[in-house]
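Chain by chain, the residues:
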Amino acid sequence: MHKFIYLILILLIAACKTDKDAEESASNIEDTTAFQKKLKIEDPNYALEPEAKDYALKWVEYITAQNEVNKLETATINEVKNNAGAIAQIMESLKNSVPDSLKSVAVEARLNVVNTKAQLLKQYSSRQDPDAEDIAETTKELHLEFNNLKLQMNELFLKTLEEFEKELDDFEREEREQDSI
């Protein structure tokens, strides 16, 4: 009789283990599906003003970072997860290589935020059990912050009110001269 009870206990334990394995397998399938989703980045890409673009085109780290950010727009969460270390390294390099012509408190603050988002992305991606939603959200935030960096770079080259008024006066003077001819 004892052998029969032991046999039933062993069968119950084996059945429970099989159910647990099936649940874990289903969970892994859901994770795989979540990581295969394309990112939905809805932020518009801002363009650099001509003056800012001239400086940016000479800044190799910026060009590299811009290319990585552009890739995020068509990437899956899994691709971002696999490239998170490289992205973090690129953004760290970007932060540490600002040309003197673009150095300002505002630009450096934006670079710090971009670097922080990239480091968070790396941290979320390197977890033992990464969460696809955390990775997707941080990637969207990184994209947004990079665009904010571009806006800040553009603001460095905006004309002051005095410069704008002088340009308007010069334009009006040229118009008058042409009309008198």
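In what follows, the accompanying structure is described.

Conventions we followed
- Residues numbered from 1 in each chain as written.
- Predicted model: local features only at pLDDT ≥ 70, side-chain atom pairs only at ≥ 80, totals over all residues.
- Heavy atoms only, no water.
- 1 Å grid on protein atoms, 1.4 Å probe; cavity = no way out; pocket = protein on both sides within 12 Å on 5 of 7 lines; lining within 4 Å.
- Points joined across faces, edges and corners; volume = space filled by probe spheres on them.
- Helix = DSSP H or I, 4+ residues; strand = E, 2+ residues; numbered from the N terminus.
- Axes fitted to C-alpha atoms, helices over the stretch in contact; angles between N-to-C directions.
- Parallel < 35°, antiparallel > 145°, perpendicular 65-115°, else oblique.
- Left-handed = near helix turned anticlockwise from the far one by under 90°.
- Nonpolar A, V, L, I, M, F, W, Y, C, P; charged D, E, K, R; others polar.
- Phe/Tyr/Trp six-rings, centres within 6.5 Å; stacked < 30°, edge-to-face > 60°.
- Buried < 20%, exposed > 50% of the residue type's maximum accessible area, 1.4 Å probe, protein only.
- Lys NZ or Arg CZ within 6 Å of the ring centre and 35° of its normal.
- Expected span 1.5 Å × (residues − 1).
- Bend = angle between axes of the 7 residues up to and from the residue.
- Core = buried A, V, L, I, M, F, W, Y, C linked by side-chain atoms within 4.5 Å.
- Contact = heavy atoms within 4.5 Å.

1. Some words on the layout of surface pockets
- Volume-wise, the largest pocket comes out at about 200 Å³.
- Looking at the largest pocket, the residues that line it are Ala34, Lys37, Lys38, Leu39, Lys40, Ile77, Asp131, Ala132, Glu133, Ala136 and Lys140.
- When residues of the lining of the largest pocket are assigned to their parent elements, the largest contribution, four residues, is made by helix α6 (residues 132–156).

2. Description of the packing of helix α5 (residues 105–125) against α6
- The N-to-C vectors of α5 and α6 enclose an angle of 165 degrees; their axes lie 9 Å apart at closest approach. Accordingly, the angle class assigned to the pair α5 and α6 is roughly antiparallel. Crossing of α5 against α6: the hand is left-handed.
- Each residue belonging to the contact of α5 with α6 can be placed in one class, and the counts come to 15 nonpolar, five polar and five charged.

3. Remarks on the packing of aromatic side chains
- Under the criterion given, the structure shown has three aromatic pairs.
- With 5.7 Å between their ring centres and 25 degrees between their planes, tryptophan 59 and tyrosine 62 make a pair best called stacked. Take tryptophan 59 and tyrosine 62: they sit in the same class, and that class is buried.
- Each member of the aromatic cluster is reached from another via a ring pair, and the members are Trp59, Tyr62 and Phe146.
- One Lys or Arg, lysine 58, reaches over the ring of tyrosine 55 and ends 5.9 Å from the middle of that ring.

4. What about helix α4 (residues 77–96)?
- The terminal C-alpha atoms of α4 lie 27 Å apart, and with 20 residues this matches the ideal 28 Å at 1.5 Å per residue to within 8%.
- At asparagine 83, α4 shows its maximal kink, close to 55 degrees.
- Among the residues of α4, those classed as buried are Ile77, Val80, Ala84, Ile87, Ala88, Ile90, Met91 and Leu94.

5. Topic: the nonpolar core
- Of all hydrophobic cores here, the largest spans 35 residues; its most connected members are Trp59, Tyr62, Met91, Leu94, Phe146, Leu149 and Met153.
- Going through the elements one at a time, α2 (50–56), α3 (60–72), α4, α5 and α6 are the ones with two or more residues in this core.
- Counting residues per element, this core draws most heavily on α4, at eight residues.
- With near-sequence residues (within four places) excluded, methionine 153 lies in contact with Leu48, Ala52, Ala56, Trp59, Tyr62, Leu102 and Val107.

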